Structure formats: C-alpha cells, structure tokens
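Structure at a glance
Next come the chains, spelled out residue by residue.
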There are 2 protein chains.
Amino acid sequence: MPAISKRGQEIYLSPFRKLIPYADQAKAEGKKVYHLNIGQPDILTPPSAIQAVKDTDMKILAYSQAIGNLSYRKKLVSYYKDYGMWLKPSDMIVTTGASEAILFLFLSCLAPGDEIIIPEPFYANYNGFAQMAGVVVKPITCSLEDGFALPTINDFEAAITEKTKAIFITNPNNPTGCVYPEDILIELSQIVKVYDLFLFADEVYREFCFDGQQFFSVLQVEDLAENVVIIDSISKRFSACGARIGTIVSRNREVIDSVTKYAKLRLSPPGFEQVLAEATLDVDPSYMEETIEEYQRRRDVVFDRLRQMEGVVNYRPGGAFYAFAKLPIDNGDKFCQWLLEDFDHNGETLMLAPGEGFYATEGLGEQEVRMAYVLNTNDLNRAMDCLEQALATYPGRVVLEKVNSKVSD
Amino acid sequence: MPAISKRGQEIYLSPFRKLIPYADQAKAEGKKVYHLNIGQPDILTPPSAIQAVKDTDMKILAYSQAIGNLSYRKKLVSYYKDYGMWLKPSDMIVTTGASEAILFLFLSCLAPGDEIIIPEPFYANYNGFAQMAGVVVKPITCSLEDGFALPTINDFEAAITEKTKAIFITNPNNPTGCVYPEDILIELSQIVKVYDLFLFADEVYREFCFDGQQFFSVLQVEDLAENVVIIDSISKRFSACGARIGTIVSRNREVIDSVTKYAKLRLSPPGFEQVLAEATLDVDPSYMEETIEEYQRRRDVVFDRLRQMEGVVNYRPGGAFYAFAKLPIDNGDKFCQWLLEDFDHNGETLMLAPGEGFYATEGLGEQEVRMAYVLNTNDLNRAMDCLEQALATYPGRVVLEKVNSKVSD
C-alpha cells in the first residue's frame, strides 16, 4: 500500500472535532445538548434570497466567470460603498467561501517560510491554510483582561522580522467578539505602511457591531489601499454557511491578478449560490437590523449570566457572535468533555469550544472557552443554567483570582 | 507596495485564455463564433435535478457534512455498483468540483518534489494543481497516430524514478477522447502494484463511451484497491459544470482520512448543488442514453468531416466529447488567433484550443488542436465548414505528410 505524504498526515485538524463523538453519545443517551461550540447560526437565511434561487430559469448550470458573476460583483460595489469602501467590480473575486479566499491569498502573497503575524486567540482554521501554503504563523497574544483589544504598535513592531510579509486581523473578531476601533486600526496601518506589509482583514462579521459602534475597515485608510486585502463571506451575515460564497477584495492589482489565476484554475464558484448571494443584497434592511438586535440581546444574556458566575473572568464582547471567557477549571478540553460525558442539568448540557485551539502559543487558553451565541435567548439562558450548575459541581474546579476585566462594566 | 510571492506570479494560467479577447473582438465585429474551445456542454442539466433544488424547503442554508451529505454518498454506492465498483459511503468524499479533488489528492498523497507520471496530452489544469502542491509532472508522450492509446508498460517503467509516487490517468480522456480498455488497464495495474504507486484516475467522462465500448475502471481491479483513487464530478455527465460537485473515491483509508481533514478545513461543499447532485441519481436513464447518443452523433460528424479535409491527421475518438487532430498549419496558437482575427466564412468562424497547452514536453502539439463537440450537429457541420475553408486559405498552411491513423477506419 502506498504511503500518504507527511503533510497529508500532519494537516491541521481542528481540535474541537474530537468532542463530537461525546456530543453524539450524550444525545444518544437522551441528553439535550445546547451547541455553543460552532458558528452555525440558527437565524433564517433571507427567504427572499432562497426564493431567488427557486425563481431562476436556469436550463444549464454552466460555469460562471471564474472570478464570479459580474452582476454580483457590480452589486457588491454599492454594498461596500455603504461602508466607505470605494471599489470597482474588478477589485473583487468571488471565492468558494472565505476558506478558499484565505488559501488563495496565502498562496498568492506569501512564499513558503514567510511569516504572517496574527493576534491570538484566532480562528483556528487559519493554521490549516497556513500549513497548506507552507506559511509560518507568528502569534501576538491578546489579553482577556482588556477584552482582547488589538495588540499595541510596539507589540506588532517587536514581532516583525525579515520574514514577516503580512499581518492578519479578524474584525469583528472570532473567537473573541472584539471590534477594533478606527483610531487603533489607523495606528496599525502606519506600521503596515512603514514595513510595507500586506494587511489581510477577515471582515465576515462586519455587520455585527453592538452598542452603536461604527464599523471601520482598514480598506478605508486611503493611502494603505495597495497593502490591504479584505476577506469576506455571506456565511454569517446572511446565515448561509452552506452557500460557500466568499469574496477577496483588494485595490492591489498584482494580488487580484494572481488570485484570478488560482480562481481560473478551479474554474468557477458555485452557481446557484451566486444567485443567492446576489439576492442577499436586495434583502430588506429590516432583516439585518433584526439580526443584529437579536445577536446583541444574546450577547447581553451571555455577558450578564457569565459575570454573575463565581470565578468566571469575562468581558463584554462588542461584535460578531462569540464570547470568550476564562472559567475556574483545570482544563478546557477536560471540562468540555466532562460536560458531555458526565454532566447534565435536568437532562440538559452544553457543548463549548475549548480555548486552547485558538492559540498558536502552546500552553495558552487552557482555562478558556469560546461560546457562539447562535441560539435564541431562551435556549441560551438554559445553556447558561447548565454552565452555572456545571461549574459548581465540576470535580476539576480550581480557584481563579476574580479579576473583572476593564471593559466589563 | 508589498510584492506578491514568486509562486503567486508563476501560478499556471491556461494558455487558451489568451485567445478570449480575440473571440470577444470577433463577436463585437458581428462574427458568429462556434465555440469548440471549452468543455461547457450545451446539453440541458436534467430538469428534474434543477427542480429538486427548487423543491427544497431549506430554511437555513447550513454547513453540510464536510465530506458531503450522507444521503448523497449513500446513493452513490448504487451508482458505482452499477460500474462494478463496490464501495461504502465512507469511501467517498464530496468535493467542490473535481478541481478541489485533484488538489486535495496531490496534497494528501504527494510530498513537494514527488513525481507524478501523466500520459500527455493531458487536461492542462493538472499543471496548476501540481504547482500548488509543489509536485513534479513527468509526462509520457502518447501518439496521435495510434489514437493516443495508453503508453506501454515499458514506457511507464522507463519513466519511474525513486521520486515517482503516482500515475495519473484520465479515462475517457480529455483532450484526446481515448477510452482505455480493460486489458490495458490491467497491465498498467501490475506496474502500479509492483512499484507500489498511487493510481489516480479522473473518470468524469465515464458514461461517454461510444461504439458499444464497455467502460472499465481501475477501481474494479480487486487487489489494487488500496492504490487507486478515483476523481469524479457531475459537471460533464449531467451538464452541471457550475455545480462544483465532485467526488474522491478510494478504498485506501489513509487517503480518505487525510483528504477528510482538508475537507473539514474548508468546512463543506456547496449546499444547493448537493441536492442537485443527489437528484441526478434519480434521473430517468433515457436522459443519459440520449446524451450519449447525441455525443456519438457529434463525434461522427467531427470525425467524418476532419478525415475529408486534405492534410488533416485524425483518428476516431472513442469517448468523452473531444477530438484532437493535427492540422496542416505552422502553429496552432497562430492559427487559432487567425481564425478569430482575420478569418470568416460567411460571417462565421470557430474557436479551438491550441494543442501545445496539453503537453508538458516543450515543443509538442504545435500543429495540433482540441475540439470539444459541445454544439449540435448542425452547428458542428457549420463549424467544420469554417475549418475546411480556413485550412484552404490560412497563410501559414504547411504540407503534412498524410498519415492516416491506425484507428481511423
């Protein structure tokens, strides 16, 4: 039998996956499991967008343009304009999800061995795409105590080496829910400019900014135009994770030209979902307003409940739909497994994502967990009941110094 | 401005693309252009499969299983059984087109620098995926004069080095239309076994075998089960190129496990198209019978017309929907450009794919072209009228020795 390759053996696998059999087992035993572990929203995909797919009179599902339907990219121009980003359809490439966008960007912009700086904790799958492209992730650790604010300019500068080719931010952030304000991003852009780096910004949660915060994109920094590449997706925004429609946006012609070649190689993004994506841009604004309000209500539930739990260190996340918290436990992996295997509260339990997987630095995040608030507030409250009860009875409970975060009030 | 990477600059771009502006210009000038240059069929996607998408009552377009919906993979079991391939749903991974399948396979099975043997001419985009994976393509040249039959065992053995990790065949073949018979594939499988190589078989044209030929898959060779990986797609079979639904099929557990990790990394294949793909398996058999008959009629038109053209060397292609021919011309690139730029026959012309791009060996295929017979027989005849006329008037016409191929009668 021929052997697979070393990279094929070692390719990154999300550490959260190993909890799935325990969740399946818990359900098989009749437990109700509240899934706060993955970012699969429960919000309806806009019915009008699904209807647009049903209304197509497509007779042949042919290849679309490799860079995506022009009609869709044209409409995206106005979408981005509303966010202060002035673009042409040729500044955009429609990708098969943000996943493909990240891979193509890494391949286009970075050579094997090049370094990319990412504030941690970060979306764990970035590791896998970095591995596919042979790129080295250099994390800068953010602190839960200050709500995972962006590292300082000094921190970034200290992390830059001769091999640094890019900085990668996620704004609003997954897994922390942190929204980076304009002044901080303008500071960051100076460093990017001075060292002539790429700045990749994953902005798939752009809409989800709470408490009246104004979203600011690094693409709005005018003299940074050729350094910035935006990664985008309709997955979270329109609860269409299965559509696999993402976008790469850049005013750097070389980047767009190179990514275009990768796009041509894989022929085209999926057809029906481009129709769906285009239709999302005509969805009544009330859909998004209600979605944002709903997520903010959920954020409030999670934040309020967590801060009332003895020994939990948390902060008020300003965006996306995640909360990251430090729990009075010995180990997140063990705790999350225990929740599924050994715990229930009136026949119910919850599934969380252990924090360690979101850090590239070994040993960090051991007592932290990510919660995706993708359930309605009733279910979220019940899940929080479970968590509260679990923390009270977990045999691996430890005492954390109760440090309320600076941003929690 | 930060510079993109060397690989980003050098990533393979199909040489055929450079003709597109000339085709656009020809059309702008009012010429009718018959497109024989790309494999985008004009056959209708099965209406019942499109209807299945319209009939879904999906409220949330959620992530599917990363390896594809189980319901689809279950149905594929019977599909493959009809071809003598005995499989379990867990032997299959649904990919975003065959393109993704090829990339994942190269990454999983081959290390950077490993060699993969591919009979040439071959589907040009294989080069790009090889480049993405850092894999070296070692071509073995097939001969037009014997209808591009599979190279002999001796040829394969001569090409094997210490770095050879896999052999990659396309059966039925794109761009040659050659169908490899069972006895030849069984011979090949012996070499594969002796050298313990992977055997990748791209079988996306499986149905399209003419003249009563029986399709044989290398996956039917029982003691080769752990060496073989099949690449599949519904794109050509069901005229659904824009669906981006492919499959990787293997009974090698390590391969499937590794590809599964790559699949999880990009989360899931597209949702609506998995519904479409599943529904194609319920399409009335008459759809496929009629499609095959139609392609065979077209093959006959192209074959008959080409053999009547003075100076053209061709053969009767046995499958897929391509013909590859040698023309009495100085250079295929020039000729194809001239067809669009300087030629018309009653206001009509045709677009072909120059042969050179299908060869990895430099200097080969210069006088060859590929024709995809994806037009109805009327249009095909008119396109052949154009070609005949063009060959008579092309200023770069040269005299080829008229060698009728062994398989052309």
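Residues numbered from 1 in each chain as written. Chains lettered and ligands numbered in written order. Predicted model: local features only at pLDDT ≥ 70, side-chain atom pairs only at ≥ 80, totals over all residues. Heavy atoms only, no water.

To continue, consider the pattern of salt bridges. Close approach of charged atoms lets side chains of opposite charge pair. A complete count under the given rule lists 43 salt bridges over all chains for this structure. Residues Glu-207 of chain B and Arg-237 of chain B are paired through a salt bridge, measuring 2.7 Å at the closest nitrogen-oxygen approach. With Glu-207 of chain B in the loop between strand 6 (198–202) and strand 7 (228–233) and Arg-237 of chain B in the loop between strand 7 and strand 8 (245–250), this residue pair connects regions lying 30 residues apart in the sequence. The same class applies to Glu-207 of chain B as to Arg-237 of chain B, namely buried. Overlapping salt bridges, with partners in common, bring together Glu-203, Arg-206, Glu-207, Asp-232 and Arg-237 of chain A in one network. (Salt bridge = Lys/Arg side-chain N within 4 Å of Asp/Glu carboxyl O. Helix = DSSP H or I, 4+ residues; strand = E, 2+ residues; numbered from the N terminus. Buried < 20%, exposed > 50% of the residue type's maximum accessible area, 1.4 Å probe, protein only.)

Okay, the packing of aromatic side chains next. One pass over the structure, following the stated rule, counts 53 aromatic pairs over all chains. Aromatic side chains Tyr-79 of chain A and Tyr-80 of chain A sit 5.0 Å apart centroid to centroid with 75° between the ring planes, which places their arrangement in the edge-to-face category. With relative accessibility at 1%, the residue Tyr-80 of chain A sits in the buried group. Note on Phe-148 of chain B and Tyr-315 of chain B: the rings are 5.4 Å apart at their centroids and 75° apart in plane angle, and the pair reads as edge-to-face. You can see Phe-148 of chain B sitting in the loop between strand 4 (136–141) and helix 7 (153–159) and its partner Tyr-315 of chain B sitting in the loop between helix 11 (285–307) and strand 9 (322–326), a full 167 residues away along the chain. (Phe/Tyr/Trp six-rings, centres within 6.5 Å; stacked < 30°, edge-to-face > 60°.)

In this section: the confidence of the model for chain A. Looking at chain A as a whole, the pLDDT averages 95, with 98% of positions reaching at least 70. In the model output, the complex is listed with pTM 0.95 alongside ipTM 0.95. (pLDDT = per-residue confidence, 0-100.)

Here the focus is a negative patch on the surface. Taken together, the side chains of Asp-284, Glu-289, Glu-290 and Glu-293 of chain A define an acidic patch exposed on the protein surface. Along the chain, the position of Asp-284 of chain A falls in the loop between helix 10 (271–280) and helix 11 (285–307). (Patch = residues over 30% accessible without salt bridge, like charges linked within 9 Å, V, L, I, M, F, W, Y side chains within 5 Å. Areas by Shrake-Rupley, 256 points an atom, 1.4 Å probe, with all protein chains shown as cover. Lys, Arg positive; Asp, Glu negative; His and termini not counted. Charge placed at Lys NZ, Arg CZ, Asp CG, Glu CD.)

This paragraph deals with empty space enclosed by the protein. Any space left empty among the atoms is revealed by the rolling of a water-sized probe across them. What the rule picks out here adds up to 2 cavities of 30 Å³ or more. As a volume, the largest cavity reaches approximately 230 Å³. Around the largest cavity, the lining is made up of 21 residues, and of these Glu-100 and Leu-103 of chain A together with Glu-100, Leu-103 and Phe-104 of chain B lie nearest the centre. Those elements that place two or more of their residues in the lining of the largest cavity are helix 5 (97–109), helix 6 (126–133) and helix 9 (253–265) of chain A together with helix 5 (97–109) and helix 6 (126–133) of chain B. Looking at the lining of the largest cavity residue by residue, the class counts come to 11 nonpolar, 5 polar and 5 charged. In this structure, the second largest cavity spans a volume of roughly 30 Å³. For the second largest cavity, the full set of lining residues is Leu-103, Leu-107 and Met-132 of chain A together with Leu-103, Leu-107 and Met-132 of chain B. Among the secondary structure elements, those contributing two or more residues to the lining of the second largest cavity are helix 5 of chain A together with helix 5 of chain B. Of the residues assigned to the lining of the second largest cavity, the class counts are 6 nonpolar, no polar and no charged. (1 Å grid on protein atoms, 1.4 Å probe; cavity = no way out; pocket = protein on both sides within 12 Å on 5 of 7 lines; lining within 4 Å. Points joined across faces, edges and corners; volume = space filled by probe spheres on them. Nonpolar A, V, L, I, M, F, W, Y, C, P; charged D, E, K, R; others polar.)

Moving on, we get to the interface of chain A and chain B. Taken together, the 78 residues of chain A in the interface contact 78 residues of chain B. Counting each side, the surface lost to burial between chain A and chain B is near 6500 Å², with a carbon and sulfur contribution of 60%. Together, Met-1, Arg-7 and Leu-265 of chain A form the three largest contributors to the area buried by chain A at its contact with chain B, with a combined 12%. Where chain A touches chain B, the interface holds 0 salt bridges. At the boundary of chain A with chain B, the tally comes to 45 residue pairs in polar contact (both at pLDDT 80 or more). Of all elements in the fold, only helix 1 (6–10), helix 3 (47–54), helix 5, helix 6, helix 9 and helix 10 of chain A reach the threshold of two or more residues within the side of chain A that touches chain B. (Contact = heavy atoms within 4.5 Å. Buried area = accessible area lost by both parts, 1.4 Å probe. Polar contact = N/O pair within 3.5 Å; in protein donor to acceptor, adjacent residues only side chain to side chain.)

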